[in-house]
Amino acid sequence: MKIYGYCRVSTAEQNEARQLDALAGLGISPAYIYVDKQSGKDFRRPQWTALVRQLTPGDLLYVHSIDRLGRNYEEIQQVWRALTKQQSVDIAVITMPLLDTRREKDLVGTFLTDVVLQILSFVAQNERENIRTRQAEGITAAKSRGVKFGRPIKKPPENFAEVVAQWEDGAITFDEALTRTGLKQATFYNRLRELRAQQEDSQL
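### Describing the packing of aromatic side chains
Applying the stated criterion across every chain, the model contains ten aromatic pairs. Relative to Trp48, the ring of Tyr6 has its centre 5.0 Å away and its plane inclined at 75 degrees; by these criteria the two rings are edge-to-face. With Tyr6 in strand β1 (residues 3-9) and Trp48 in helix α2 (residues 46-54), this residue pair connects regions lying 42 residues apart in the sequence. The two residues Tyr6 and Trp48 agree in class, both being buried. Ring geometry for Phe174 against Tyr189: centres 5.4 Å apart, planes inclined by 20 degrees, an arrangement best described as stacked. Of this pair, Phe174 sits in helix α7 (residues 174-181) while Tyr189 is found in helix α8 (residues 185-203), placing the two residues 15 residues apart along the sequence. Under the relative-accessibility criterion, Phe174 is labelled buried at 17%. Site record: aromatic cluster; members linked through ring pairs are Phe160, Trp167, Phe174, Phe188 and Tyr189.

Encoded structure:
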């Protein structure tokens with residue numbers, strides 16, 4: 001039997017140290033701990049996929065809490081059943097001792113585990129949906145205050161029109177035009193369209 005651990009945080013900026021400390025405290029080797037920095041909306045995660053491939057019957061998998069496993073109610077249920085029933089892998093949730101398939105494996109024990117799993121996976125998905133709602137509300141409020149999202153538009157240099165004229169006259173190459181303006185190809189063409197639109201407007 002091998003003992004594995006799984007950690008997940010939603011973004012690269014979040015810290016998984018708390019989960020790693022809990023797993024290390026159980027004596028799990030770092031070589032058997034898998035970490036994903038990705039949303040829990042589904043199980044299409046590279047480290048999770050690699051972990052599942054390593055699991056064999058009789059192995060034990062620890063996760064810190066059910067929301068670290070995922071935040072999709074249906075998929076949590078499916079994955080839990082696939083691991084415990086089909087692959088005969090035990091799962092233990094550190095923060096919820098009732099979610100430990102090594103406990104009573106009789107009908108009552110299985111029933112209690114299933115009930116707790118359904119409740120907690122529902123809570124995990126509900127919290128994800130609440131987070132999305134709060135994010136959407138925050139974005140709407142920010143936009144109403146004039147906050148702009150996305151990459152800032154890179155403005156062309158002051159000599160942009162001059163460089164364009166030289167390039168169109170064949171005095172310099174396109175690569176040299178990019179070097180002089182400090183723009184990438186796509187940005188150069190975007191600014192070029194804007195320049196030509198301005199020139200056409202000025203002629204009206």
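### Describing the environment of Leu55
Its location among the elements puts Leu55 in the loop between α2 and β3 (60-63). With relative accessibility at 6%, the residue Leu55 sits in the buried group. Excluding anything up to four places from it in sequence, Leu55 contacts Tyr4, Leu83, Gln87 and Val89.

### Considering the sheet that holds strand β2 (residues 33-37)
Pairing is parallel across the open sheet formed by four strands, whose spatial order is β2-β1-β3-β4. Each edge of the sheet is formed by a strand with only one pairing partner; in this case those strands are β2 and β4 (90-93). Ignoring which end each strand starts from, the neighbouring axes of this sheet average 20 degrees apart. In the sheet, β1 pairs with β2 via five bridges, with the strands oriented parallel. Directly across from Val9, in β2, lies its bridge partner Lys37. Set on the sheet, α2 makes contact with β1, β2 and β3; between it and β2 the angle comes to about 155 degrees.

### Some details on helix α6 (residues 160-168)
Along α6, the residues that are buried comprise Phe160, Val163 and Val164. Seen along its axis, α6 keeps its buried residues to an arc of 100 degrees; they face one direction. Gly170 sits one or two positions beyond α6 and adopts a positive phi of about 85 degrees.

### Side note on unusual backbone geometry
Backbone geometry places Ser88, a non-glycine residue, at a positive phi of 55 degrees. Inspection of the secondary structure assignment puts Ser88 in the loop between α4 (73-86) and β4. Residue Ser88 is classed as partly exposed on the basis of its relative accessible area of 41%.

### Some words on the pairing of β3
The alternating pattern of β3 places Leu60 and Tyr62 and Leu61 and Val63 on opposite faces, both of which are buried. Of the pairings in the sheet, the one linking β1 to β3 comprises four bridges and is parallel in character. Looking at the pairing, Ile3 lines up with Leu60 of β3. Here four bridges tie β3 to β4, and the two strands are oriented parallel to one another. Its bridge partner lying in β4, Leu60 is registered against Asp90.

About the cut-offs
- Residues numbered from 1 in each chain as written.
- Predicted model: local features only at pLDDT ≥ 70, side-chain atom pairs only at ≥ 80, totals over all residues.
- Heavy atoms only, no water.
- Phe/Tyr/Trp six-rings, centres within 6.5 Å; stacked < 30°, edge-to-face > 60°.
- Helix = DSSP H or I, 4+ residues; strand = E, 2+ residues; numbered from the N terminus.
- Buried < 20%, exposed > 50% of the residue type's maximum accessible area, 1.4 Å probe, protein only.
- Contact = heavy atoms within 4.5 Å.
- Pairing = 2+ DSSP bridges.
- Axes fitted to C-alpha atoms, helices over the stretch in contact; angles between N-to-C directions.
- Arc of directions from axis to C-beta.

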